[in-house]
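Next come the chains, spelled out residue by residue.
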Amino acid sequence: MRADVVTIFPAYLEPLRLSLVGRAQERGTLDVRTHDLRAWTSDVHRTVDDAPYGGGPGMVMRPEPWDAALTEIAASDPDRRPRVVVPTPAGAPFTQSHAEELAREPWLVFCCGRYEGIDARVIDAWADDEISIGDYVLAGGEVATLVILEAVARLLPGVLGNSASAADDSFSDGLLEAPVYTRPQVWRGAEVPAVLRSGDHAAVARWRRTQALRRTLARRPDLVEHAELSDADRAVLEAVAAEPAEHVAATSGSVVGGATMVGRGSSMDLPDPA
Ligand code: JD8
């Protein structure tokens, strides 16, 4: 996959050389090219912004440098058309399905806005996707591009060392993952659940599925509605629903008093339900 990123802060994209995304680039699986939007300005001050029509605070990114940049980048490979992605708080919420869809594309172009955003005519002319990474306000599209590219890069063939990991992820079946443990067996008096050390692979799988269901119900009930559930899963959910609410909250890490129970205790600190 080729990914071009247009920004006034190319240094923001430097982390893409590290870790998983960086290794994908070294392998040739991913080719990220960052571009400084100011290269497509024509005035001595290399101006990329101007006052908003209609008044109001801040500045808006001028259309001409964006059009020149996108025209030149698109022309660099006349045999195909890139999918143009614009991160914006007004975009569609970014999900794992989005990441999977983008990972199937051979060529993406990310337009990183700043200030009050990019002149809407550029979006109308060029954008295939307007994407938001969440309901909070960033200062520009660069960090959103990092987020989207990392989510996409790890889905590319051969990027994950273990191809089972991607299919196993939270969200691939619409549920949160079970908690994970490593050595030592006892840490600060807290023991790793015995089933994980039992060597009984079927019991481990059942325990993990139950934990995934409990955690999702407690923390992200919105996800349960769309999850892929078996009859056995539904039975587990019904049993959990019959437990006292505080027990479910305390053993599955739901938000209590503004802080999750995670890190402030665990199921092992609590008595079994009546
Ligand atoms: C791009 C400019 C800031 C946006 C005024 C100051 C995504 N989930 C997300 N939150 N924020 C962004 C995002 C913010 C951006 C730009 C993405 C370009 N800003 C502006 C309009 C209102 N602020 C984002 N993806």
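Residues numbered from 1 in each chain as written. Predicted model: local features only at pLDDT ≥ 70, side-chain atom pairs only at ≥ 80, totals over all residues. Heavy atoms only, no water.

Draft legend 1. Molecular detail of the overall build of the chain. When you go through the chain residue by residue, the secondary structure sums to 10 helices and 11 strands. Taking the contacts inside the chain whose residues are at least 6 apart along the sequence as the reference set, 72% of them involve residues at least 24 apart. Accessible surface, the chain as shown: approximately 15,800 Å² in total, 53% of it carbon and sulfur. (Helix = DSSP H or I, 4+ residues; strand = E, 2+ residues; numbered from the N terminus. Contact = heavy atoms within 4.5 Å. Areas by Shrake-Rupley, 256 points an atom, 1.4 Å probe, with all protein chains shown as cover.)

Draft legend 2. Representation of the packing of aromatic side chains in the model. A full pass over the atoms with the stated rule returns one aromatic pair. Ring geometry for Phe-9 versus Tyr-12: centroids 6.1 Å apart, planes at 50°, classification tilted. The partly exposed category is assigned to Phe-9, whose relative accessible area is 37%. (Phe/Tyr/Trp six-rings, centres within 6.5 Å; stacked < 30°, edge-to-face > 60°. Buried < 20%, exposed > 50% of the residue type's maximum accessible area, 1.4 Å probe, protein only.)

Draft legend 3. Representation of the pattern of salt bridges in the model. Taken as a whole, this structure holds 15 salt bridges when the rule is applied. Between Asp-4 and Arg-2 there is a salt bridge, with its nearest N and O atoms 2.7 Å apart. Relative accessible area serves as the criterion here: at 0%, Asp-4 is assigned to the buried category. A single salt-bridge network, built from bridges that share partners, covers Arg-83, Glu-101, Glu-105 and Asp-129. (Salt bridge = Lys/Arg side-chain N within 4 Å of Asp/Glu carboxyl O.)

Draft legend 4. Here's a closer look at the site of the ligand. In the vicinity of the ligand, 17 residues are found, and the nearest of them are Thr-88, Pro-89, Gly-134, Tyr-136 and Leu-138. At 2.7 Å, a backbone N or O of Tyr-136 approaches a nitrogen atom of the ligand. Protein chains shield 83% of the accessible area of the ligand, which is 540 Å² for the free molecule. Of all the elements in the fold, those that place two or more residues in the shell around the ligand are strand S5 (83–93) and strand S7 (129–132). For the shell around the ligand, the element with the most residues is S5, which contributes three residues. A breakdown of the residues in the shell around the ligand according to their chemical character gives nine nonpolar, six polar and two charged. (Near = heavy atom within 4 Å. Polar contact = N/O pair within 3.5 Å; in protein donor to acceptor, adjacent residues only side chain to side chain. Nonpolar A, V, L, I, M, F, W, Y, C, P; charged D, E, K, R; others polar.)

Draft legend 5. Looking closely at the sheet that holds S5. With respect to topology, five strands assemble into an open sheet ordered S2-S1-S6-S5-S7, the strand pairing being parallel. Looking at the sheet topology across the chains shown, the edges are occupied by strand S2 (31–36) and S7. Between one strand axis and the next, the sheet turns by 30° as a mean value, whatever way the strands run. Relative to S2, strand S1 (residues 2–7) is paired through six bridges, and the arrangement is parallel. Residue pairing in the sheet places Ala-3 in a bridge with Val-32 of S2. The strands touched by helix H3 (residues 96–103) are S5, strand S6 (107–111) and S7; relative to S5, the strand with the most contacts, the crossing angle is about 170°. Against the sheet, helix H5 (residues 142–153) contacts S1, S5, S6 and S7, and its axis sits at roughly 170° relative to S1. (Pairing = 2+ DSSP bridges. Axes fitted to C-alpha atoms, helices over the stretch in contact; angles between N-to-C directions.)

Draft legend 6. Layout of the environment of Pro-93. Looking at where Pro-93 falls in the secondary structure, it is placed in strand S5. Using a relative accessible area of 62% as the deciding quantity, one classes Pro-93 as exposed.

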